[in-house]
Each structure stands twice: as structure tokens, then as C-alpha cells.
Amino acid sequence: MNNVRKDFPWITKHPKLLYFDSAATSLKPQSVIDAISNYYINYGTNTHNSDSAIAFKTTSKVQAIRNKTAKLFNAKASNIVFTSGATEGLNLIAYGIANGFIKPKQEVLISKLEHASNLLPWIRLAKQGCFKLKYVDEGKIPTAESYLKAITRNTKVIAFAGSSNILGNNIDYVTLVKQAKKLNPNIIIVMDAAQYLPHHKIDVTCGIDFIACSCHKLLGPTGLGIVYMADKWLSLLQPLKYGGGMNQSIDKENYVLYNNVDKFEGGTLPLAQIFGWEAAIDYLNKIGFNNISKYQHDLKKYFVKQLAQIKNIVVYNKQEPEAIIYFNINKVHAQDLASWLGTKGVICRAGLSCAKLAHHIIKTQAAVRLSLYFYNTKEEIDKFVKLLKKFKKGDEIIL
Ligand SMILES: Cc1ncc(COP(=O)(O)O)c(C=O)c1O
């Protein structure tokens, strides 16, 4: 794994910095950056147009990349929608469901660990009276069983993060989907996979309805996301965006939309990003998702063990598998500590990192998040621990 570092120009350019913020966005290998240029230099044309050989080539390439993307989900290309990111994807899903597939008395079940993107669309629609919002409310990190226990006959939607952006816990989505659909085959299940897909492939054959994620969190460019939607939703769900490329016909008072993924991709696609994304998939497949997660789980265990040397530290997610450390030093404000770490070259984040209800579960208003990916090393962890050992209360006051 240590060989991979040379593939990331950011790491070469910033040899003194510790990049511990991959849950916010991952670094990009050179091959992804080159693939973006390749689009502009060798393709350059738009899709939805086959009038020239070169435009046809662009359209075919995008279809091939859609196919490659589908394999990450064990899905068909015809179920993969390109979006601008997980946020757009989750809005598309929530607004689509609210538009005719849920009644005001029915419930959307979510947890207090959700990222704002899987929280705000549901809160807004509940405020408009589209449905009731129900929280899994056990005061602990939710599991598949927590959601299953909370299902009532009014539950219509379960919307959950496959992996939390602050704790790095995983939800056993296969059990959740299968058991929930056994209780009620009409329950709609939505997975926010923004933090899950960077570490694991997904298998939609369990019967999940929707998945949303962002490509920039797993080596891809910013501005591109993916929604997987099961077959039946392609014709049922209404799009979020209306424009070119998604309609069959328009007359003065009406229109007919496509009944396939094109319906959800109004406007010009982020083509350069899609080309870059292909290189990201190739890179991840070359290493192998199993190797990535095994290496990261090992990094996490090592990190937790080394942090035991730090006095007055509280780590909130020692047991959770993904390589995220969420911690505080007693009596030091997390934001101050993160700023101090920033002055020492550690790129990390403080606060609740968009999961603003998480304090109900982890009983802190803020903590420092260190999030690692497979390009991080044990040597970097050692460097960090050495630095943190030097920290004394008061150092964080930067004048
Ligand atoms: C769990 C989770 N969901 C959704 C998002 C939103 O992703 P984006 O900002 O790329 O749309 C994030 C981003 O941090 C996330 O961690």
C-alpha cells in the first residue's frame, strides 16, 4: 500500500502536511487528473448528439463509464443516474418520494447520526406536512437492528447512512433491507452511501430502492455523484431538474419525459468529471476494495492503540471499524485544538462535521475528526501522536 503514495501529486507537493480529512474529500491520483484533461483534449464534445463521429465517441464512452459504475453496485447501467453529488442525489430521492409515494400520516425513519444532506430534505418536507419524521432514538450508535425495532405500520421510508461521517460505524444494509421488506414489502429504503462506498462495494440485489453517493470521496473529481435507483422508480419518480436531454417531446402546455435515467439528468452532464471518475474506478479496482478496507481497519486499530499514550484524550469511536478517529482532549475546545493542529500541518476538521444531531448520541457538542484513506500510513500516525504528545493545555490559544 505504501507504493500508492507516489501516485498522488498532492502528497508529493506537500511532504510536510498530514492529510487526515479524507471523509471531507479524498486526494486524487494523477491518473484521475489526466483523465479529466483527456476529455478536454481528445473528446471535448457534448453527449445527446451523435451527428459526428467524435460526439458519438463521447456518448459511447459515457455509457461505458456508466456500465463500469454499475459494477460497483452489482447493478445494471440502466439504474445508474449521474448527479452533482450525494446532496443532490438525496434531495432527488426525498423530493421524488414526497411527490406521491408517502402520505401525511406515514413516517420517514432516520437516525440522529445523519449528515445534513440526509436530514434537511426530510425535515423540510416533514415541515410541509408531506409525512412525519421519526428518529431512531436509543441514545446510542444505530445498527440495522435499531431501525428494524423502530418500524411501525406507519413506516414508509427508512433513510440511513451506510457509514457515519464522524464515527465510521457501518450499518448491515443487507439485513436491514431484507428484514424490513419482510415486515412490509412496501417500505422504501434509501442508503446515503457517501461514506460507505469509499470503503466497500455495494450489492443492490438485496432489494434496496435508492442509494446516493459522491465520487469525490473515493478519488473521483468534485461535482459528480451517483444515484442508484431500482427499476420501478425509473418510471415512477419525478425528476428534480427539468431541461434538455430528459424529455421525449414538448408542446405548449405539456411534455413527455423519458422513462429511463436520462429523465433525471436534465442539462449537460459533468463530462470531464465522468471521465475522471472512470480513472478513479480503475484505480480502486486495481487495488481492490477488500484490500482497501482491510488496510484501513488495520490503520484504525493501530491509531486507537497509539492514542492510548495521550493523557486526557477521549476517543468516541474506538470500536467502529472505518479509519476515522473522533476525539477530544479534556477541557480543550475541539475547534481550538483543530486550529492548533492546522498550524502544525495536520489537515483535519472540528465540530460535528454536518451531523448536527449527533450530540444526542455521543454527548459532546464538538470533537476533532481525523479521517484517513488507504494512502495514509502508520508512519503518519506516529508523527501525529508524537505531535499530540507535545500539546499542553494553553497551546491552543493562538494569539
Ligand atoms: C454521510 C454523508 N452524506 C452526504 C454527504 C454530502 O456529500 P456532498 O457534499 O459531496 O454532496 C456527506 C459529505 O460529507 C457525507 O459524509
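As the structure is a computational prediction, the values presented were derived from the model and not from experiment.

## Overview of the layout of surface pockets
Of the pockets and cavities examined, the largest pocket occupies roughly 250 Å³. For the lining of the largest pocket, the residue count by class is seven nonpolar, 13 polar and four charged. Taken domain by domain, the lining of the largest pocket gets at least three of its residues from each of domain 1 (2-20 + 288-390) and domain 2 (31-285).

## Here's the deal with the pairing of strand β4 (residues 132-135)
Taken together, the four bridges between strand β3 (residues 107-110) and β4 define a ladder with parallel strand orientation. The partner of isoleucine 110 across the bridge, within β4, is tyrosine 135.

## Brief notes about a nonpolar patch on the surface
A contiguous nonpolar patch, built from Tyr242, Ile250 and Tyr255 and spanning about 360 Å² of accessible area, is present on the exposed surface. The exposure class assigned to tyrosine 242 is partly exposed, which follows from its relative accessible area of 45%.

## Here we look at the pairing of strand β8 (residues 225-229)
Counted residue by residue, β8 has five buried out of five residues, so it is predominantly covered. What you see with β8 is no split at all: Gly225, Val227 and Met229 on one side and Ile226 and Tyr228 on the other are buried throughout. With four bridges joining them, strand β2 (residues 80-83) and β8 adopt antiparallel strand pairing. Bridge pairing in β8 places phenylalanine 82 opposite isoleucine 226. Pairing geometry for strand β7 (residues 210-214) and β8, over five bridges, is antiparallel. Following the sheet pairing, alanine 212 is matched in β8 by valine 227.

## Quick word on helix α5 (residues 120-127)
Of the positions making up α5, those classed as buried are Pro121, Trp122, Leu125 and Ala126. All buried residues of α5 lie within an arc of 130° about the axis, which places them on one face of the element. With respect to the buried face of α5, the exposed residues turned more than 90 degrees away are Leu120 and Lys127. Next to the buried residues of α5 lie α4 (86-98), β3, β4, β5 (155-161) and β6 (188-192). Positive phi shows up at glycine 129, right after α5, with a value of about 90°.

## A few points about empty space enclosed by the protein
Following the criterion strictly, the structure yields three cavities of 30 Å³ or more and no others. What the largest cavity holds in volume is close to 80 Å³. What lines the largest cavity is simply Ser22, Ala23, Gln195, Pro198, His199, Lys217, Ala323, Ile324, Ser371, Leu372 and Tyr373. Tallied by class, the residues present in the lining of the largest cavity amount to six nonpolar, four polar and one charged. When residues of the lining of the largest cavity are assigned to domains, at least three fall in each of domain 1 (2-20 + 288-390) and domain 2 (31-285).

Quick notes on the rules
Residues numbered from 1 in each chain as written. Predicted model: local features only at pLDDT ≥ 70, side-chain atom pairs only at ≥ 80, totals over all residues. Heavy atoms only, no water. 1 Å grid on protein atoms, 1.4 Å probe; cavity = no way out; pocket = protein on both sides within 12 Å on 5 of 7 lines; lining within 4 Å. Points joined across faces, edges and corners; volume = space filled by probe spheres on them. Nonpolar A, V, L, I, M, F, W, Y, C, P; charged D, E, K, R; others polar. Domains from an automatic or database assignment. Pairing = 2+ DSSP bridges. Helix = DSSP H or I, 4+ residues; strand = E, 2+ residues; numbered from the N terminus. Patch = residues over 30% accessible without salt bridge, like charges linked within 9 Å, V, L, I, M, F, W, Y side chains within 5 Å. Areas by Shrake-Rupley, 256 points an atom, 1.4 Å probe, with all protein chains shown as cover. Salt bridge = Lys/Arg side-chain N within 4 Å of Asp/Glu carboxyl O. Buried < 20%, exposed > 50% of the residue type's maximum accessible area, 1.4 Å probe, protein only. Arc of directions from axis to C-beta. Contact = heavy atoms within 4.5 Å.

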